[in-house]
Amino acid sequence: MLRSLLIYLSKAAWAQKLVTSWGFAWRAASRFIAGEGAEDAIRVVRELNAKGINATLDHLGEHTSTAEEASNATEDILAILSEIDKAKVRANVSIKLTQIGMGLDESICRQNLIRVLERAKECGNFVRIDIEDTPYSDVTIAIYNAMLERGFATQNMGMAVQSYLYRAEEDVRKLLETGARFRLVKGAYKEPADKAFPKKADTDANYDLLTKIMIDANLKLQNNTLSDDGRVPPIPAIATHDGNRIDFAKQYIEKVGLPKTGIEFQMLYGIRRDLQEQLVKEGYPVRVYVPFGTHWYPYFMRRLAERPANIWFFVSNFFRK
């Protein structure tokens, strides 16, 4: 019930207007968000790199309502790719297709994505296309495949998949045939029972299955490990803070003989820093998802929905002077 309420509030314009007017809300949100500008994002990436941790930068925003907004969002993504290249930091970028026009006109989205991928190719960088809620699943995959047909390589773009969806296994198996590089998450949207597993245990079991499928696919390829500059990930990016899921992945790669650099563990900025640093000490590549920008409200609310314990952190900021 609480999770559903928070997800609803993440999409409610009236709630966004109210919450973002509270100074303490930003104080709480800043635990999970690098800041509003590119300079904030690059500063955080440098701090992470100094600890042996790579990053993926997400200029926050989704569901743009006009072609001009989608174009502006595209320019912001192009700019951060250039800033990463200029700063020589170990980072790539993640984007949502609704941010660059998918909900408006597919042709607008495709043209904007082409610009982003061309810049990534020029900079020798990688763009992760995040998966969104199920009304956009098919078109997201279709656009990804269209970019492959256009000649963009899997070294410059990848996908994400949500293990709580029934369709996830089929999607993964098909896309692995193209060499797709995946960010595997559990899922942060409210989906109906006919689309997603209602029980956490089933989501976890599917997560482990997808982890195994991705590791097996990576094992068949040669030299598909994290790139030396920390920008291009291997096929399996295991994005979770769940110790059991991480342990399963570690045990399975040891069993099948995949090198540690053939997998990447991903976590969110501000969450489980202890675990991030421990994995680095063990020799595993770790990448932290670093969001930044002025459109922080929906992202912040989804973080509260994923882990209600964070609500206390949010409320405690209300009482700070």
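What counts, and where the lines are drawn
Residues numbered from 1 in each chain as written. Predicted model: local features only at pLDDT ≥ 70, side-chain atom pairs only at ≥ 80, totals over all residues. Heavy atoms only, no water. Axes fitted to C-alpha atoms, helices over the stretch in contact; angles between N-to-C directions. Helix = DSSP H or I, 4+ residues; strand = E, 2+ residues; numbered from the N terminus. Parallel < 35°, antiparallel > 145°, perpendicular 65-115°, else oblique. Contact = heavy atoms within 4.5 Å. Nonpolar A, V, L, I, M, F, W, Y, C, P; charged D, E, K, R; others polar. Salt bridge = Lys/Arg side-chain N within 4 Å of Asp/Glu carboxyl O. Buried < 20%, exposed > 50% of the residue type's maximum accessible area, 1.4 Å probe, protein only. 1 Å grid on protein atoms, 1.4 Å probe; cavity = no way out; pocket = protein on both sides within 12 Å on 5 of 7 lines; lining within 4 Å. Points joined across faces, edges and corners; volume = space filled by probe spheres on them. Pairing = 2+ DSSP bridges. Phe/Tyr/Trp six-rings, centres within 6.5 Å; stacked < 30°, edge-to-face > 60°. pLDDT = per-residue confidence, 0-100. Expected span 1.5 Å × (residues − 1). Arc of directions from axis to C-beta. Polar contact = N/O pair within 3.5 Å; in protein donor to acceptor, adjacent residues only side chain to side chain.

## Observations regarding the packing of helix H5 (residues 67–87) against helix H6 (residues 106–123)
Moving on, step 1. Between H5 and H6, the least distance of the axes is 10 Å, while the angle of their chain directions is 10°. Taken as axis vectors, H5 and H6 run roughly parallel relative to one another. Within the contact between the two elements, H5 uses Ala67, Ala70, Ser71, Thr74, Glu75, Ile77, Leu78, Leu81, Ser82 and Asp85 and H6 uses Ile108, Asn112, Arg115, Val116, Arg119, Ala120 and Cys123.
Moving on, step 2. A per-class count over the contact of H5 with H6 returns nine nonpolar, four polar and four charged.

## What about the pattern of salt bridges?
Moving on, step 1. Across all of its chains, the model carries 24 salt bridges by this definition.
Moving on, step 2. Between Asp204 and Lys200 there is a salt bridge; the shortest N-O distance is 2.6 Å. Of this pair, Asp204 and Lys200 both sit in helix H9 (residues 200–219), four residues apart, which is roughly one turn of that helix.
Moving on, step 3. Using a relative accessible area of 9% as the deciding quantity, one classes Asp204 as buried.
Moving on, step 4. Ionic pairing is found between Asp216 and Lys212, a salt bridge with its closest N-O pair at 3.3 Å. Taken together, the residues span about one helical turn, with Asp216 and Lys212 both in helix H9 at a distance of four residues.
Moving on, step 5. What makes Asp216 partly exposed here is its relative accessible area of 24%.
Moving on, step 6. Each of Lys186, Lys200, Asp204, Asp208, Asp242 and Arg245 takes part in salt bridges that share partners, so that together they form one network.

## What to know about empty space enclosed by the protein
Rolled over the atoms, a probe with the dimensions of a water molecule shows which regions are left empty.
Moving on, step 1. Summed over all chains, the structure comprises two cavities of 30 Å³ or more.
Moving on, step 2. Of the voids in this model, the largest cavity is the one considered here, and its volume is about 70 Å³.
Moving on, step 3. Elements represented by at least two residues in the lining of the largest cavity include exactly helix H7 (137–150), strand E4 (157–162) and helix H8 (168–176).
Moving on, step 4. In terms of residue count, the dominant contributor to the lining of the largest cavity is E4 (four residues).
Moving on, step 5. A class-by-class count of the residues in the lining of the largest cavity yields eight nonpolar, two polar and two charged.

## A short note on the sheet that holds strand E1 (residues 54–59)
Moving on, step 1. With respect to topology, eight strands assemble into a closed barrel ordered E1-E2-E3-E4-E5-E6-E7-E8, the strand pairing being parallel. Between one strand axis and the next, the sheet turns through 30° on average, direction left out of account.
Moving on, step 2. Direction of pairing for strand E5 (residues 182–185) relative to strand E6 (residues 236–239): parallel, over a ladder of three bridges. For Phe182, the partnering residue across the bridge sits in E6 and is Pro236.

## A short note on the packing of aromatic side chains
Moving on, step 1. Evaluated as defined, the whole model comprises three aromatic pairs.
Moving on, step 2. Ring centres 4.7 Å apart and planes at 80° place the aromatic pair Tyr166 and Phe197 in the edge-to-face group. Residue Tyr166 is found in the loop between E4 and H8, and its partner Phe197 is found in the loop between E5 and H9; the two are separated by 31 residues along the sequence.
Moving on, step 3. Assessed through its relative accessible area of 39%, Tyr166 is described here as partly exposed.

## A short note on the confidence of the model for the protein
Moving on, step 1. Per-residue confidence for the protein averages 88 on the pLDDT scale, and 85% of its residues sit at or above 70.
Moving on, step 2. Every residue in residues 312–321 is under pLDDT 50, and counting partners more than four places away or in other chains gives 15 contacts.

## Re the pairing of strand E8 (residues 286–292)
Moving on, step 1. Most of E8 sits out of view: seven of its seven residues are buried.
Moving on, step 2. The alternating pattern of E8 places Val286, Val288, Val290 and Phe292 on one face and Arg287, Tyr289 and Pro291 on the opposite face, and all of these are buried.
Moving on, step 3. Examined bridge by bridge, E1 and E8 share six bridges and lie parallel to one another. Among the inter-strand pairings, His59 is bridged to a residue of E8, identified as Phe292.
Moving on, step 4. The pairing of strand E7 (residues 264–268) with E8 spans four bridges and is parallel. Looking at the pairing, Leu268 lines up with Tyr289 of E8.

## A few points about helix H10 (residues 243–256)
Moving on, step 1. Its 14 residues give H10 an end-to-end C-alpha distance of 20 Å, which sits within 8% of 20 Å, the value for a rise of 1.5 Å per residue.
Moving on, step 2. Residues of H10 that are buried: Arg245, Ile246, Ala249, Lys250, Tyr252 and Ile253. For H10, the buried positions fall inside an angular range of 165° around the axis, keeping them on one side. Seen from the open side of H10, the exposed residues pointing more than 90 degrees away from its buried face are Asn244, Gln251, Glu254 and Lys255.
Moving on, step 3. The elements touched by buried residues of H10 are H9, E6, E7 and helix H11 (273–281).
Moving on, step 4. Among the residues of H10, the N-terminal cap falls to Asp242, whose side-chain oxygen and the backbone nitrogen of Asn244 are separated by 2.9 Å.
Moving on, step 5. Phi turns positive one or two residues past the end of H10, at Gly257, with a value near 90°.

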